Amino acid sequence: MTPTSSLKLTWSSALESGDRATDVQHKYLIEIINELAEAIETGKAGQSIRKILNLLKQYTDWHFCREELCMERRQCPAAAANKEAHKHFMRTFDAFAEEYKVSGGSEDIAMRMYKTLTDWLVMHIQKIDTNLASCPDNGCSR
Ligand SMILES: [Fe+2]
């Protein structure tokens, strides 16, 4: 991926988790988040954020569930911490989504949400998801 703006996230090898399917899913999550970045940068966050948030919520739910299963199957020591971190993320996400809904959608909330979500995601992948690399690969994701 090549950055096309200052806000957008760029995939790098530092984000490789040690599981190919998880990486593909993370790349798609980054694509969705970059749509949010584009909406903010073009001043269209108010119009398109609802659609982006719905997609992000649905995909994140599915991805977290799949990633948690993969960690369990590979007996990854980070599995419990991963589950906890996912729960925390969903609470943060839901709080932002609610704030956005109640406020009617300001660009300020969109920006704060974008910053919080991207900082969390990058840190989470690097700190927790990359633990998959040191767990036995039993082919759970193939
Ligand atoms: Fe995770």
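Residues numbered from 1 in each chain as written. Predicted model: local features only at pLDDT ≥ 70, side-chain atom pairs only at ≥ 80, totals over all residues. Heavy atoms only, no water.

Undergrad: Can you walk me through empty space enclosed by the protein in this structure?
TA: Left-over empty space is what a probe sized like a water molecule reveals as it rolls over the atoms. In total, this model carries one cavity of 30 Å³ or more according to the counting rule given. Taken as a whole, the largest cavity encloses approximately 40 Å³ of empty space. Contributing to the lining of the largest cavity are Leu29, Ile33, Leu56, Thr60, Phe64, Phe89, Trp120 and Leu121. Contributions of two or more residues to the lining of the largest cavity are made by helix H1 (20–41), helix H2 (45–73) and helix H4 (107–127). Looking at the lining of the largest cavity, the element that brings in the most residues is H2, giving three residues. Taken together, the residues of the lining of the largest cavity break down into seven nonpolar, one polar and no charged. (1 Å grid on protein atoms, 1.4 Å probe; cavity = no way out; pocket = protein on both sides within 12 Å on 5 of 7 lines; lining within 4 Å. Points joined across faces, edges and corners; volume = space filled by probe spheres on them. Helix = DSSP H or I, 4+ residues; strand = E, 2+ residues; numbered from the N terminus. Nonpolar A, V, L, I, M, F, W, Y, C, P; charged D, E, K, R; others polar.)

Undergrad: Would you mind going over H4 with me for this structure?
TA: Note on helix geometry: an α-helix contains 3.6 residues per turn, so any two residues three or four positions apart are oriented the same way. Taking 1.5 Å of rise per residue, the 21 residues of H4 would be expected to cover 30 Å, and the 30 Å separating its terminal C-alpha atoms lies within 8% of that figure. When we look at burial in H4, the residues that qualify are Ile109, Ala110, Met113, Tyr114, Leu117, Thr118, Trp120, Leu121, His124 and Ile125. (Expected span 1.5 Å × (residues − 1). Buried < 20%, exposed > 50% of the residue type's maximum accessible area, 1.4 Å probe, protein only.)

Undergrad: Even after reading the chapter, I still don't get the nonpolar core, so can you show me in this structure?
TA: Across soluble globular proteins, nonpolar side chains show a tendency to be buried alongside one another. Core analysis: the biggest nonpolar cluster contains 41 residues, and Ile40, Ile49, Leu56, Met71, Phe89, Tyr114 and Leu121 have the highest contact counts within it. Element by element, the count of residues in this core is highest for H2, at nine residues. Apart from residues lying up to four places away in sequence, Met71 is in contact with Cys76, Ala78, Ala79, Asn82, Ile128, Asp129 and Leu132. (Core = buried A, V, L, I, M, F, W, Y, C linked by side-chain atoms within 4.5 Å. Contact = heavy atoms within 4.5 Å.)

Undergrad: Would you mind showing me how to read the layout of surface pockets here?
TA: Put simply, the largest pocket is a space of about 290 Å³. Taken together, 14 residues line the largest pocket, and the ones lying closest to its centre are Arg50, Leu53, Ala97, Tyr100 and Lys101. For the lining of the largest pocket, the elements supplying multiple residues, two or more each, are H2 and helix H3 (79–103). By residue class, the composition of the lining of the largest pocket is five nonpolar, four polar and five charged.

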